[in-house]
Amino acid sequence: MKKLTALLTAAVMFTGTAAMAFSDTNGHWAESDINAMTEENVLNGYEDGTFRPDNPINRGEFLKIITVKYGLVEQDDAYVMWSDVDAGDWYGRYSAAGLLLMQFDNSELRAEEPLMRCDAAYAILNLYGIELDYESGSAAAMPDYAEFSGDAEITAIVSSALDNGIMQGKDSGFEPYEPLTRAELCTLINRLGNDVDVTLINIFLSSMIVPAGEQQTGGGALNAEDLSALEHTVFDLVNIERDAAGLEALEWDDELAAVARAHSADMAARGFFDHINPDGVSPFGRMMNAGIEYTAASENIAAGASTAEDAMNLWMASDGHRANILDPDMKKIGVGVAQGGEAGIYWTQCFTD
(Lines give C-alpha, C1' and ligand atoms only; values in the text may rest on other atoms or scores of the structure.)
Protein backbone atom coordinates (compact mmCIF):
# COMPACT_ATOMS: atom_id res chain seq x y z
CA MET A 1 0.00 0.00 0.00
CA LYS A 2 2.85 2.43 0.74
CA LYS A 3 4.32 1.84 -2.72
CA LEU A 4 0.92 2.42 -4.34
CA THR A 5 0.35 5.55 -2.30
CA ALA A 6 3.70 6.99 -3.36
CA LEU A 7 2.78 6.40 -6.99
CA LEU A 8 -0.63 7.98 -6.58
CA THR A 9 0.78 11.07 -4.89
CA ALA A 10 2.41 12.06 -8.16
CA ALA A 11 -0.34 10.72 -10.39
CA VAL A 12 -1.90 14.06 -11.34
CA MET A 13 -0.23 17.22 -12.56
CA PHE A 14 -2.47 20.25 -12.06
CA THR A 15 -0.48 22.73 -14.09
CA GLY A 16 1.42 22.21 -17.27
CA THR A 17 1.36 22.64 -21.00
CA ALA A 18 -1.76 23.03 -23.09
CA ALA A 19 -3.81 20.04 -24.16
CA MET A 20 -1.97 17.62 -26.43
CA ALA A 21 -2.47 14.30 -28.13
CA PHE A 22 -1.43 11.58 -25.71
CA SER A 23 0.26 8.42 -26.89
CA ASP A 24 -2.05 6.18 -24.85
CA THR A 25 -5.51 7.76 -25.34
CA ASN A 26 -6.10 7.39 -29.08
CA GLY A 27 -9.25 5.28 -29.44
CA HIS A 28 -9.80 5.12 -25.67
CA TRP A 29 -13.49 5.13 -24.69
CA ALA A 30 -12.96 8.39 -22.76
CA GLU A 31 -10.75 10.12 -25.33
CA SER A 32 -13.11 13.05 -25.98
CA ASP A 33 -13.65 13.66 -22.26
CA ILE A 34 -9.91 13.48 -21.58
CA ASN A 35 -9.28 16.03 -24.34
CA ALA A 36 -11.96 18.34 -22.92
CA MET A 37 -10.49 18.21 -19.42
CA THR A 38 -6.91 18.73 -20.55
CA GLU A 39 -7.95 21.72 -22.65
CA GLU A 40 -9.22 23.31 -19.43
CA ASN A 41 -6.06 22.25 -17.55
CA VAL A 42 -8.27 20.53 -15.00
CA LEU A 43 -6.25 17.34 -15.36
CA ASN A 44 -3.05 16.98 -17.36
CA GLY A 45 -0.72 14.34 -18.67
CA TYR A 46 2.85 13.34 -18.00
CA GLU A 47 6.16 14.48 -19.40
CA ASP A 48 6.57 11.23 -21.34
CA GLY A 49 3.50 12.07 -23.44
CA THR A 50 1.15 9.64 -21.71
CA PHE A 51 -2.06 10.29 -19.82
CA ARG A 52 -2.38 6.86 -18.16
CA PRO A 53 -6.18 6.93 -18.32
CA ASP A 54 -6.71 3.72 -16.38
CA ASN A 55 -4.59 4.69 -13.38
CA PRO A 56 -6.55 5.40 -10.17
CA ILE A 57 -6.81 8.89 -8.71
CA ASN A 58 -6.48 9.61 -5.01
CA ARG A 59 -8.69 11.54 -2.65
CA GLY A 60 -6.40 14.54 -2.27
CA GLU A 61 -6.05 14.95 -6.03
CA PHE A 62 -9.81 14.75 -6.46
CA LEU A 63 -10.32 17.43 -3.80
CA LYS A 64 -7.90 19.77 -5.55
CA ILE A 65 -9.65 19.23 -8.88
CA ILE A 66 -13.17 19.96 -7.61
CA THR A 67 -11.95 22.85 -5.46
CA VAL A 68 -10.26 24.55 -8.41
CA LYS A 69 -12.89 23.57 -10.98
CA TYR A 70 -15.91 24.78 -9.02
CA GLY A 71 -14.40 27.54 -6.90
CA LEU A 72 -14.72 25.86 -3.52
CA VAL A 73 -13.21 27.39 -0.39
CA GLU A 74 -9.42 27.18 -0.09
CA GLN A 75 -7.25 27.80 2.97
CA ASP A 76 -3.83 29.35 3.56
CA ASP A 77 -2.83 29.33 7.22
CA ALA A 78 -5.97 27.54 8.41
CA TYR A 79 -7.42 24.17 7.62
CA VAL A 80 -10.15 21.76 8.60
CA MET A 81 -8.94 19.74 11.55
CA TRP A 82 -8.43 16.27 10.10
CA SER A 83 -6.19 14.21 12.37
CA ASP A 84 -4.04 13.11 9.41
CA VAL A 85 -3.62 16.56 7.80
CA ASP A 86 -0.70 18.72 8.90
CA ALA A 87 -0.04 22.37 8.14
CA GLY A 88 2.17 22.34 5.06
CA ASP A 89 0.65 19.26 3.41
CA TRP A 90 0.06 20.11 -0.26
CA TYR A 91 -3.57 19.01 0.01
CA GLY A 92 -4.19 20.96 3.24
CA ARG A 93 -5.55 24.00 1.43
CA TYR A 94 -8.14 21.80 -0.30
CA SER A 95 -9.07 19.76 2.75
CA ALA A 96 -12.33 21.60 3.49
CA ALA A 97 -13.80 19.95 0.38
CA GLY A 98 -13.14 16.63 2.09
CA LEU A 99 -16.35 17.24 4.04
CA LEU A 100 -18.18 16.42 0.80
CA LEU A 101 -16.73 12.90 0.83
CA MET A 102 -17.92 9.93 2.85
CA GLN A 103 -16.08 9.60 6.14
CA PHE A 104 -15.74 6.09 7.46
CA ASP A 105 -13.41 7.49 10.13
CA ASN A 106 -14.75 10.91 11.05
CA SER A 107 -11.34 12.31 11.96
CA GLU A 108 -9.28 11.23 8.93
CA LEU A 109 -9.15 12.65 5.41
CA ARG A 110 -6.97 9.81 4.00
CA ALA A 111 -5.90 12.14 1.18
CA GLU A 112 -3.39 9.75 -0.38
CA GLU A 113 -5.71 6.75 -0.59
CA PRO A 114 -7.47 5.88 -3.86
CA LEU A 115 -10.82 7.60 -4.36
CA MET A 116 -13.63 5.04 -4.42
CA ARG A 117 -16.44 5.37 -6.94
CA CYS A 118 -19.01 5.75 -4.16
CA ASP A 119 -16.93 8.58 -2.67
CA ALA A 120 -16.91 10.42 -5.99
CA ALA A 121 -20.66 9.93 -6.44
CA TYR A 122 -21.36 11.15 -2.91
CA ALA A 123 -19.21 14.27 -3.35
CA ILE A 124 -20.91 15.18 -6.64
CA LEU A 125 -24.37 14.66 -5.15
CA ASN A 126 -23.34 17.04 -2.35
CA LEU A 127 -22.05 19.59 -4.88
CA TYR A 128 -25.47 19.61 -6.51
CA GLY A 129 -27.30 19.67 -3.18
CA ILE A 130 -29.04 16.37 -3.96
CA GLU A 131 -30.17 14.51 -0.86
CA LEU A 132 -29.77 10.73 -0.75
CA ASP A 133 -32.91 8.83 -1.73
CA TYR A 134 -33.18 5.82 0.55
CA GLU A 135 -36.47 4.77 -1.03
CA SER A 136 -35.28 4.46 -4.64
CA GLY A 137 -34.70 0.93 -5.87
CA SER A 138 -32.50 1.85 -8.82
CA ALA A 139 -29.40 0.29 -7.29
CA ALA A 140 -31.06 -3.13 -7.38
CA ALA A 141 -30.69 -3.17 -11.16
CA MET A 142 -26.88 -3.25 -10.87
CA PRO A 143 -25.33 -6.70 -11.50
CA ASP A 144 -23.22 -6.34 -8.34
CA TYR A 145 -26.10 -5.20 -6.13
CA ALA A 146 -25.69 -8.18 -3.80
CA GLU A 147 -22.19 -6.99 -2.91
CA PHE A 148 -23.37 -3.71 -1.37
CA SER A 149 -27.09 -4.21 -0.70
CA GLY A 150 -26.44 -4.65 3.02
CA ASP A 151 -25.18 -1.07 3.32
CA ALA A 152 -28.15 1.31 3.25
CA GLU A 153 -26.01 4.42 2.71
CA ILE A 154 -24.01 2.97 -0.19
CA THR A 155 -27.24 1.68 -1.74
CA ALA A 156 -28.79 5.16 -1.45
CA ILE A 157 -25.69 6.77 -2.98
CA VAL A 158 -25.75 4.38 -5.94
CA SER A 159 -29.49 4.84 -6.51
CA SER A 160 -29.26 8.63 -6.21
CA ALA A 161 -26.27 8.80 -8.58
CA LEU A 162 -28.11 6.67 -11.14
CA ASP A 163 -31.41 8.54 -10.80
CA ASN A 164 -29.77 11.94 -11.25
CA GLY A 165 -27.41 10.99 -14.06
CA ILE A 166 -24.33 11.62 -11.92
CA MET A 167 -22.64 8.30 -12.56
CA GLN A 168 -23.46 5.17 -14.47
CA GLY A 169 -22.72 1.55 -13.89
CA LYS A 170 -20.42 -0.77 -15.82
CA ASP A 171 -21.14 -4.15 -17.35
CA SER A 172 -19.98 -5.65 -14.05
CA GLY A 173 -22.13 -3.27 -11.97
CA PHE A 174 -21.68 0.03 -10.18
CA GLU A 175 -18.58 -1.18 -8.28
CA PRO A 176 -18.93 1.40 -5.47
CA TYR A 177 -15.85 0.18 -3.59
CA GLU A 178 -13.52 0.23 -6.61
CA PRO A 179 -11.07 3.12 -7.26
CA LEU A 180 -12.10 5.80 -9.74
CA THR A 181 -9.70 6.01 -12.70
CA ARG A 182 -8.34 9.15 -14.35
CA ALA A 183 -10.46 8.46 -17.42
CA GLU A 184 -13.60 7.96 -15.35
CA LEU A 185 -12.92 11.22 -13.52
CA CYS A 186 -12.62 13.10 -16.83
CA THR A 187 -15.96 11.67 -17.96
CA LEU A 188 -17.59 12.52 -14.64
CA ILE A 189 -16.31 16.11 -14.48
CA ASN A 190 -16.99 16.77 -18.17
CA ARG A 191 -20.57 15.50 -17.82
CA LEU A 192 -21.20 17.85 -14.90
CA GLY A 193 -20.08 20.96 -16.75
CA ASN A 194 -19.58 24.26 -14.93
CA ASP A 195 -23.14 25.06 -13.89
CA VAL A 196 -22.87 24.19 -10.20
CA ASP A 197 -23.99 26.71 -7.57
CA VAL A 198 -21.66 26.21 -4.60
CA THR A 199 -22.75 29.28 -2.60
CA LEU A 200 -24.38 27.31 0.21
CA ILE A 201 -21.59 24.74 0.24
CA ASN A 202 -18.95 27.46 0.60
CA ILE A 203 -20.84 29.02 3.51
CA PHE A 204 -20.75 25.62 5.22
CA LEU A 205 -17.10 24.90 4.35
CA SER A 206 -16.01 28.35 5.56
CA SER A 207 -17.69 27.73 8.90
CA MET A 208 -15.65 24.53 9.32
CA ILE A 209 -12.21 26.09 8.74
CA VAL A 210 -10.31 26.78 11.96
CA PRO A 211 -6.73 27.97 12.60
CA ALA A 212 -4.16 25.21 12.85
CA GLY A 213 -3.88 23.90 16.39
CA GLU A 214 -7.37 24.89 17.52
CA GLN A 215 -9.93 22.23 18.34
CA GLN A 216 -13.09 22.26 16.23
CA THR A 217 -15.68 22.93 18.91
CA GLY A 218 -17.80 25.64 17.34
CA GLY A 219 -16.06 28.46 19.22
CA GLY A 220 -14.97 26.81 22.49
CA ALA A 221 -16.70 24.73 25.14
CA LEU A 222 -20.23 25.94 25.88
CA ASN A 223 -22.23 25.26 29.03
CA ALA A 224 -25.97 24.60 29.18
CA GLU A 225 -26.74 28.29 29.62
CA ASP A 226 -24.66 29.19 26.55
CA LEU A 227 -26.39 26.55 24.44
CA SER A 228 -29.80 27.72 25.59
CA ALA A 229 -28.88 31.28 24.62
CA LEU A 230 -27.93 30.10 21.12
CA GLU A 231 -31.22 28.23 20.81
CA HIS A 232 -33.27 31.25 21.76
CA THR A 233 -31.24 33.49 19.48
CA VAL A 234 -32.19 31.20 16.58
CA PHE A 235 -35.80 31.44 17.77
CA ASP A 236 -35.63 35.24 17.68
CA LEU A 237 -33.96 35.26 14.27
CA VAL A 238 -36.65 32.96 12.86
CA ASN A 239 -39.36 35.33 13.99
CA ILE A 240 -37.48 38.30 12.57
CA GLU A 241 -37.47 36.55 9.19
CA ARG A 242 -41.14 35.68 9.50
CA ASP A 243 -42.05 39.25 10.45
CA ALA A 244 -40.18 40.55 7.40
CA ALA A 245 -42.22 38.13 5.28
CA GLY A 246 -45.50 39.30 6.83
CA LEU A 247 -46.04 36.05 8.76
CA GLU A 248 -47.15 35.42 12.33
CA ALA A 249 -44.43 34.77 14.90
CA LEU A 250 -43.87 31.19 16.02
CA GLU A 251 -44.40 30.13 19.63
CA TRP A 252 -41.52 28.51 21.53
CA ASP A 253 -42.37 24.94 22.55
CA ASP A 254 -40.32 23.19 25.23
CA GLU A 255 -41.31 19.70 24.08
CA LEU A 256 -40.21 20.42 20.51
CA ALA A 257 -36.99 21.95 21.85
CA ALA A 258 -36.29 18.76 23.81
CA VAL A 259 -36.73 16.67 20.64
CA ALA A 260 -34.51 19.05 18.66
CA ARG A 261 -31.85 19.10 21.37
CA ALA A 262 -31.81 15.32 21.62
CA HIS A 263 -31.35 14.96 17.86
CA SER A 264 -28.46 17.46 17.80
CA ALA A 265 -26.81 15.58 20.68
CA ASP A 266 -27.38 12.25 18.92
CA MET A 267 -25.72 13.50 15.71
CA ALA A 268 -22.73 14.71 17.72
CA ALA A 269 -22.44 11.50 19.74
CA ARG A 270 -22.95 8.96 16.96
CA GLY A 271 -21.16 10.82 14.18
CA PHE A 272 -23.88 11.28 11.56
CA PHE A 273 -25.58 14.25 9.92
CA ASP A 274 -29.03 13.36 8.69
CA HIS A 275 -32.72 13.73 9.44
CA ILE A 276 -32.93 9.94 9.71
CA ASN A 277 -30.93 8.61 12.64
CA PRO A 278 -28.94 5.33 12.49
CA ASP A 279 -31.94 3.52 13.97
CA GLY A 280 -34.08 4.61 11.01
CA VAL A 281 -36.21 7.04 13.05
CA SER A 282 -37.38 10.17 11.19
CA PRO A 283 -38.11 13.63 12.66
CA PHE A 284 -41.80 12.77 12.64
CA GLY A 285 -41.15 9.53 14.48
CA ARG A 286 -39.11 11.36 17.10
CA MET A 287 -41.93 13.88 17.64
CA MET A 288 -44.54 11.12 17.88
CA ASN A 289 -42.36 9.15 20.31
CA ALA A 290 -42.25 12.27 22.51
CA GLY A 291 -46.04 12.41 22.53
CA ILE A 292 -46.24 15.56 20.40
CA GLU A 293 -49.44 15.83 18.37
CA TYR A 294 -49.50 17.59 15.02
CA THR A 295 -51.01 17.46 11.55
CA ALA A 296 -47.98 18.99 9.82
CA ALA A 297 -44.34 19.16 10.92
CA SER A 298 -40.86 19.81 9.54
CA GLU A 299 -37.24 19.87 10.63
CA ASN A 300 -34.09 21.80 9.69
CA ILE A 301 -30.57 20.70 10.67
CA ALA A 302 -27.16 22.34 10.31
CA ALA A 303 -23.62 21.50 11.42
CA GLY A 304 -20.43 23.45 12.00
CA ALA A 305 -21.95 26.94 12.19
CA SER A 306 -20.29 28.63 15.18
CA THR A 307 -23.00 31.25 15.74
CA ALA A 308 -26.78 31.37 15.55
CA GLU A 309 -26.44 33.91 12.74
CA ASP A 310 -24.24 31.53 10.74
CA ALA A 311 -26.76 28.71 11.19
CA MET A 312 -29.60 30.95 10.05
CA ASN A 313 -27.57 32.10 7.04
CA LEU A 314 -27.10 28.47 6.03
CA TRP A 315 -30.82 27.75 6.31
CA MET A 316 -32.01 30.94 4.66
CA ALA A 317 -29.65 30.37 1.72
CA SER A 318 -31.39 27.05 0.99
CA ASP A 319 -34.81 27.01 -0.64
CA GLY A 320 -36.07 23.99 1.28
CA HIS A 321 -34.88 25.17 4.69
CA ARG A 322 -36.13 28.69 4.08
CA ALA A 323 -39.54 27.28 3.14
CA ASN A 324 -39.74 25.50 6.50
CA ILE A 325 -38.84 28.68 8.39
CA LEU A 326 -41.38 30.75 6.42
CA ASP A 327 -44.14 28.14 6.31
CA PRO A 328 -47.36 30.05 7.11
CA ASP A 329 -48.99 26.88 8.47
CA MET A 330 -46.42 26.39 11.23
CA LYS A 331 -47.27 27.72 14.70
CA LYS A 332 -44.65 26.29 17.07
CA ILE A 333 -40.88 25.83 17.06
CA GLY A 334 -38.24 24.16 19.20
CA VAL A 335 -34.50 24.62 18.70
CA GLY A 336 -31.75 22.35 19.99
CA VAL A 337 -27.97 22.89 19.90
CA ALA A 338 -25.29 20.39 20.95
CA GLN A 339 -21.49 20.33 20.79
CA GLY A 340 -19.18 17.48 19.82
CA GLY A 341 -18.62 15.17 16.87
CA GLU A 342 -16.83 15.90 13.61
CA ALA A 343 -18.56 19.22 12.96
CA GLY A 344 -18.03 20.49 16.51
CA ILE A 345 -21.58 21.83 16.87
CA TYR A 346 -25.00 20.69 15.60
CA TRP A 347 -28.25 22.65 15.21
CA THR A 348 -31.82 21.36 14.88
CA GLN A 349 -35.11 23.22 14.38
CA CYS A 350 -38.44 21.39 14.80
CA PHE A 351 -41.69 22.95 13.59
CA THR A 352 -45.33 21.93 14.05
CA ASP A 353 -48.70 23.47 13.21
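You'll find the structure just up there.
Here the structure is a predicted model, which is why all the values come from computation and not from measurement.

> Give a description of the overall build of the chain that names residues and reports values.
When its secondary structure is counted, the chain shows 13 helices and 6 strands. When each of the 353 residues of the chain is scored for burial, the buried share is 51%. The contacts of the chain with a sequence gap of at least 6 include a subset with a gap of at least 24, amounting to 70%. Summing over all exposed atoms, the chain offers an accessible surface of approximately 15,900 Å²; the carbon and sulfur share of this is 49%.

> Give me the packing of aromatic side chains: which residues, what numbers.
Under the criterion given, the structure shown has 5 aromatic pairs. Seen in terms of ring centroids, Phe235 and Trp252 are 5.5 Å apart; in terms of plane orientation they differ by 75°. Their pairing is edge-to-face. With Phe235 in helix H9 (residues 224-244) and Trp252 in strand E3 (residues 251-252), this residue pair connects regions lying 17 residues apart in the sequence. Residue Phe235 is classed as buried on the basis of its relative accessible area, which comes to 14%. With a centroid separation of 6.5 Å and an interplanar angle of 45°, the aromatic rings of Phe273 and Tyr346 are classed as tilted. Taken together, the positions of Phe273 in the loop between helix H10 (254-270) and helix H11 (283-289) and Tyr346 in strand E6 (residues 344-352) put the pair 73 residues apart, joining distant regions of the chain. A residue is classified by how much of its surface remains accessible, and Tyr346, at 3% relative accessible area, is buried. Between Arg117 and the ring centre of Phe174, over which it is positioned, the NZ or CZ distance is 5.1 Å. Geometry around Phe51 places Arg182 over its ring, the cationic atom sitting 4.3 Å from the centre.

> Could you give an account of the pairing of strand E5 (residues 332-340), naming the residues involved and the relevant values?
Pairing geometry for E3 and E5, over 2 bridges, is parallel. Across the sheet, residue Trp252 finds its bridge partner in E5, namely Ile333. Note that E5 and E6 share 9 bridges and pair antiparallel. Considered in E6, the bridge of Ile333 is made with Phe351. Counting the residues that bridge the hairpin from E5 to E6 gives 3 residues, and of these Gly341 lies at a positive phi of roughly 70°.

> Describe the pattern of salt bridges, with residues and values.
Taken as a whole and judged by the stated rule, the model has 14 salt bridges. Where Glu231 meets Arg261, a salt bridge forms, and the shortest distance between an N and an O atom there is 2.8 Å. Within this pair, whereas Glu231 is found in helix H9, its partner Arg261 is found in helix H10, the two being separated by 30 residues in sequence. Overall, Glu231 belongs to the buried group, its relative accessible area being 2%. For Arg261, a relative accessible area of 34% translates into the label partly exposed. The residue Lys332 makes a salt bridge to Asp253 at a minimum N-O spacing of 3.9 Å. One end of the pair, Lys332, is in strand E5; the other, Asp253, is in the loop between E3 and H10, and 79 residues separate them in sequence. A relative accessible area of 30% places Lys332 in the partly exposed class. Of the residues examined, Asp253 reaches a relative accessible area of 13% and is grouped as buried.

> Give me the packing of H9 against helix H12 (residues 308-316): which residues, what numbers.
Between H9 and H12, the shortest axis-to-axis distance is 9 Å and the interhelical angle comes to 45°. With respect to their mutual orientation, H9 and H12 come out oblique. In this structure, H9 crosses over H12, and the sense of that crossing is right-handed. Residues Leu230, Thr233, Val234, Leu237, Val238 and Glu241 of H9 form the contact with H12, whose participating residues are Ala308, Glu309, Met312, Trp315 and Met316. Its residues assigned to classes, the contact of H9 with H12 comprises 8 nonpolar, 1 polar and 2 charged.

> Describe the packing of helix H3 (residues 59-70) against helix H7 (residues 182-192), listing the residues and the values that go with them.
Closest axis-to-axis distance for the H3/H7 pair is 13 Å, and the angle between their directions is 20°. By the angle between their axes, H3 is roughly parallel relative to H7. As H3 packs across H7, the resulting crossing turns out to be right-handed. Residues Phe62, Ile65, Ile66, Lys69 and Tyr70 of H3 lie in contact with H7, whose contacting residues are Leu185, Ile189 and Leu192. Across the contact of H3 with H7, the residue classes break down as 7 nonpolar, no polar and 1 charged.

So, how was this worked out
- Residues numbered from 1 in each chain as written.
- Predicted model: local features only at pLDDT ≥ 70, side-chain atom pairs only at ≥ 80, totals over all residues.
- Heavy atoms only, no water.
- Helix = DSSP H or I, 4+ residues; strand = E, 2+ residues; numbered from the N terminus.
- Buried < 20%, exposed > 50% of the residue type's maximum accessible area, 1.4 Å probe, protein only.
- Contact = heavy atoms within 4.5 Å.
- Areas by Shrake-Rupley, 256 points an atom, 1.4 Å probe, with all protein chains shown as cover.
- Phe/Tyr/Trp six-rings, centres within 6.5 Å; stacked < 30°, edge-to-face > 60°.
- Lys NZ or Arg CZ within 6 Å of the ring centre and 35° of its normal.
- Pairing = 2+ DSSP bridges.
- Salt bridge = Lys/Arg side-chain N within 4 Å of Asp/Glu carboxyl O.
- Axes fitted to C-alpha atoms, helices over the stretch in contact; angles between N-to-C directions.
- Parallel < 35°, antiparallel > 145°, perpendicular 65-115°, else oblique.
- Left-handed = near helix turned anticlockwise from the far one by under 90°.
- Nonpolar A, V, L, I, M, F, W, Y, C, P; charged D, E, K, R; others polar.

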